[in-house]
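An overview of the molecular structure
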Amino acid sequence: MKRMVAAAGVVVAAGALPILVASPASATQGDCSNYVATHGYRAGVKVKAACGNKAMPFPGGPDIANPYCIYDLVALGVSNGVANEACVRA
């Protein structure tokens, strides 16, 4: 019985290992500018520059939009909601 429990523990650990060591999702500047473009805005050089302000990792949770990215996109006329979501993808 103890061997079965030990074997089951090894199987569970082996199954969990890829999840524990997997690299985080890698959003990009392109993901950000594409999101802006799909919402009807022109994704030119200035949008791409704003999207260059990468999202900030948050321990134990999703990335947080970089405030500089949001500010720059809103200054270009992008709505707050679209800017925030786009910048999370940066």
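As a starting point, this report considers the structure included with it.

Rules of the game
- Residues numbered from 1 in each chain as written.
- Predicted model: local features only at pLDDT ≥ 70, side-chain atom pairs only at ≥ 80, totals over all residues.
- Heavy atoms only, no water.
- Helix = DSSP H or I, 4+ residues; strand = E, 2+ residues; numbered from the N terminus.
- Buried < 20%, exposed > 50% of the residue type's maximum accessible area, 1.4 Å probe, protein only.
- Contact = heavy atoms within 4.5 Å.
- Areas by Shrake-Rupley, 256 points an atom, 1.4 Å probe, with all protein chains shown as cover.
- Core = buried A, V, L, I, M, F, W, Y, C linked by side-chain atoms within 4.5 Å.
- Disulfide = S-S within 2.5 Å.

This next bit is on the overall build of the protein. Along its length, the protein carries five helices and zero strands. For the protein, the sequential pattern of α-helices and β-strands runs α-α-α-α-α. Among the 90 residues that make up the protein, the fraction classed as buried is 21%. The contacts in the protein between residues at least 6 apart in sequence include a share of 45% that link residues at least 24 apart. Accessible surface computed for the protein: about 6300 Å², of which carbon and sulfur atoms make up 65%.

The next subject is the nonpolar core. Ranked by size, the top nonpolar core spans 15 residues in total, and within it Cys32, Val36, Leu73, Val78 and Ala86 carry the most contacts. Mapped by element, the contributors of at least two residues to this core are helix 2 (29–38), helix 3 (45–50), helix 4 (67–75) and helix 5 (80–88). The element contributing the most residues to this core is helix 5, with four residues. Not counting chain neighbours up to four residues away, the residues in contact with Val36 comprise Tyr41, Val47, Leu73, Val78, Val82 and Ala86.

Turning next to the state of the cysteines. For the coordinates displayed, the defined rule picks out two disulfides. Shown here is the disulfide that connects Cys69 with Cys87, its sulfur atoms set 2.0 Å apart. On the sign convention where negative is left-handed, the bridge of Cys69 and Cys87, at about -85° about the S-S bond, is left-handed. Of this pair, Cys69 sits in helix 4 while Cys87 sits in helix 5, and the two are 18 residues apart along the sequence. Here the disulfide map of the protein reads 1-2, 3-4, the bonded cysteines being numbered as they appear in the sequence.

Relative to the helices and strands, Ala65 is located in the loop between helix 3 and helix 4. The exposure class assigned to Ala65 is buried, which follows from its relative accessible area of 8%. With 23 residues separating them in the primary sequence, Ala65 and Val88 have C-alpha atoms 4.3 Å apart. Those residues in contact with Ala65, other than ones at most four positions away along the chain, are Met56, Ile70, Asn84, Cys87 and Val88.

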